[in-house]
Amino acid sequence: MKLGLTSLQTSYMPEMSKVKVSPSYKIKGKIDRKHEVAIILPTYCEAGNIRKLIEQIENLKIDPLILVIDDSSPDGTSKIVENLQKKYSNILLLIRPSKMGLGTAITDAFKIILSLKNKPKYVVTMDADSSHNPNDIPRLLSLARRGYDLVLGSRYCLGGKVEKWSPIRILISKIANKFASIFLNTKINDCTSGFRCYSIRFIKAVTKNLHSQTYEIQIETVRQAAKNGFFATEIPITFVNRKIGKSKLTLNEIKQFLLFMMKVNLERYFTIRMDKLVMLAQSQLRKANIDSLNSPFLSYIEYVKRLT
Ligand SMILES: Nc1nc2c(ncn2[C@@H]2O[C@H](COP(=O)(O)OP(=O)(O)O)[C@@H](O)[C@H]2O)c(=O)[nH]1
Ligand SMILES: [Mg+2]
């Protein structure tokens, strides 16, 4: 399902009713000014959490655009957001027809942000279940303002913490992150954290390459940063398990996550093999006194390498 974005190209999106998104999507609210920061809140059944979170964000005094992506939560999350829109003029709500996954929620939010004529400079994503502390947003922003394209709120760097998760869940998460760091060849310790700040430069460059349906979006974005030479860093955060509502992480979503990790690992394996093959072929050509630049075989290999 694609968002039709061209019609969003007005300065402040004042007439949301005229916005042509997929007929099954609804956008509610309007923006009447430019915001330096946008905060994306994906929600599915967060009625017990969303009001407090939005109030806390409003109290930060950073005047962000708040973009809630709700998948028609049966618990009425979107109604609460609509009521908050009467009090605050900086909230946009995208309602999708059914639960479509965290990955597409974030990508759709990026597309909406990109469609604004006056785009924010920084885009924060966070869970709407009280696990991420909005008071950490200014710290994420301060590093983004210093030029980082991706600043992660990290549970696993020095000073980071996880509270109220069972030891087994912490272990699984740490192992998944260790593998992710190795496969992505990055120094980031918490590639699966959903609490981040992106530069608009990064969002402009990578949104078209994002295809994740669910939680693997977090890895896919770090991968895009590593692959395209964007500056990424992490700051310690304390992650607290949700007190209200249930995790939406299902077995199917874990399966999708693992499949994505396997794909990344295969590509990495292929790239290493390719590098070795190129080096070997180059040394053979040198020995045979053949100019490697003119070798169609090598040009082809270089071409394939660029694709991986
Ligand atoms: N719009 C949307 N939001 C989702 C979906 N799945 C999860 N979320 C939201 O994504 C955030 C993280 O999900 P959560 O269940 O807390 O995952 P966990 O912290 O890994 O257990 C929460 O704000 C959820 O409401 C989805 O399919 N669609
Ligand atoms: Mg959570």
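Residues numbered from 1 in each chain as written. Chains lettered and ligands numbered in written order. Predicted model: local features only at pLDDT ≥ 70, side-chain atom pairs only at ≥ 80, totals over all residues.

Helix and strand content of the protein: 9 helices and 10 strands. Contacts spanning at least 24 positions in sequence make up 76% of the contacts within the protein whose residues lie at least 6 apart. (Helix = DSSP H or I, 4+ residues; strand = E, 2+ residues; numbered from the N terminus. Contact = placed C-beta atoms within 7 Å.)

For soluble globular proteins, the rule of thumb is that nonpolar side chains tend to be buried together. If you look at the biggest cluster of nonpolar residues, it comprises 63 residues, and the most contacted ones within it are Ile 39, Ile 40, Ile 66, Leu 67, Ala 109 and Val 124. Of the residues forming this core, the biggest block, 7 residues, is contributed by helix 3 (residues 102-115). Contacts of Ile 39, omitting those with residues within four sequence positions, involve Ile 57, Pro 64, Ile 66, Val 124 and Met 126. (Core = buried A, V, L, I, M, F, W, Y, C linked by C-beta atoms within 7 Å. Buried ≥ 20, exposed ≤ 12 C-beta atoms within 10 Å, placed from the backbone.)

Here the focus is the site of ligand 1. In the vicinity of ligand 1, 21 residues are found, and the nearest of them are Pro 42, Ala 105, Ala 128, Ser 247 and Lys 248. At the level of elements, strand 2 (37-43), strand 3 (65-70) and helix 3 are the ones that each hand at least two residues to the shell around ligand 1. Residues belonging to the shell around ligand 1 are distributed by class as follows: 8 nonpolar, 5 polar and 8 charged. (Near = placed C-beta within 6 Å. Nonpolar A, V, L, I, M, F, W, Y, C, P; charged D, E, K, R; others polar.)

This part takes up the confidence of the model for the protein. On average, the protein scores 87 in pLDDT, and the residues at 70 or more come to 87%. Here residues 4-12 is a poorly scored stretch, pLDDT under 50, and it has 21 contacts once near neighbours within four places are set aside; other chains count. Here residues 14-20 is a poorly scored stretch, pLDDT under 50, and it has 13 contacts once near neighbours within four places are set aside; other chains count. (pLDDT = per-residue confidence, 0-100.)

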